[in-house]
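Chain and residue survey
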Amino acid sequence: MSTRKLGTYATREEFLENEIRTLNYHIQSMIDTMKVMSMNRQDMSDELERMKQEIKSAVLAEREACAKVCEEQYEYYGHDHVFAKAIRARGQA
């Protein structure tokens, strides 16, 4: 509890009321801190999800670019598009 002495208050009730106000203040402060931490965790979770989607989109775009290069090379040399199909298939799994 507090280090305040009863002698600084007119009555014991006044002392206890002050102690209760102090405890309520600290409890409310802890609740507010937990709310902020909770929001920060949610914000962080949202940001991580956004980053995962961004990475996934970048990987798929890179795979498609590689597949197109393979198709162009195989069309030039007259081969089948086996590698381009395999690259695209990796994105479907």
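Here the structure is shown first, and the text comes after it.
Calculation criteria
Residues numbered from 1 in each chain as written. Predicted model: local features only at pLDDT ≥ 70, side-chain atom pairs only at ≥ 80, totals over all residues. Heavy atoms only, no water. Salt bridge = Lys/Arg side-chain N within 4 Å of Asp/Glu carboxyl O. Helix = DSSP H or I, 4+ residues; strand = E, 2+ residues; numbered from the N terminus. Buried < 20%, exposed > 50% of the residue type's maximum accessible area, 1.4 Å probe, protein only. Patch = residues over 30% accessible without salt bridge, like charges linked within 9 Å, V, L, I, M, F, W, Y side chains within 5 Å. Areas by Shrake-Rupley, 256 points an atom, 1.4 Å probe, with all protein chains shown as cover. Disulfide = S-S within 2.5 Å.

Re the pattern of salt bridges
Applying the stated rule across the entire model yields 4 salt bridges. Between E54 and R50 there is a salt bridge, and its shortest N-O distance comes to 2.6 Å. On the criterion of helical spacing, the pair formed by E54 and R50 is a turn pair, its members being 4 residues apart in helix α1 (residues 12–77). Under the relative-accessibility criterion, E54 is labelled partly exposed at 47%. The class of R50 is partly exposed, set by a relative accessible area of 41%. In this structure, E64 and R88 form a salt bridge, with 2.7 Å as the shortest nitrogen-oxygen distance. Of the two residues, E64 sits in helix α1 while R88 sits in helix α2 (residues 82–92), which places them 24 residues apart along the sequence. For R88, a relative accessible area of 25% corresponds to the partly exposed category. The network of salt bridges with common partners includes E64, E71 and R88.

A few points about a nonpolar patch on the surface
A surface patch of nonpolar side chains, about 240 Å² in accessible area, is lined by L23, I27 and I31. Within the fold, I31 resides in helix α1. Given a relative accessible area of 34%, I31 falls into the partly exposed group.

Regarding the state of the cysteines
Tallied over the full model, the rule gives 0 disulfides. Cysteine C66 is unpaired, with the sulfur of C70 as its nearest cysteine sulfur at 6.9 Å.

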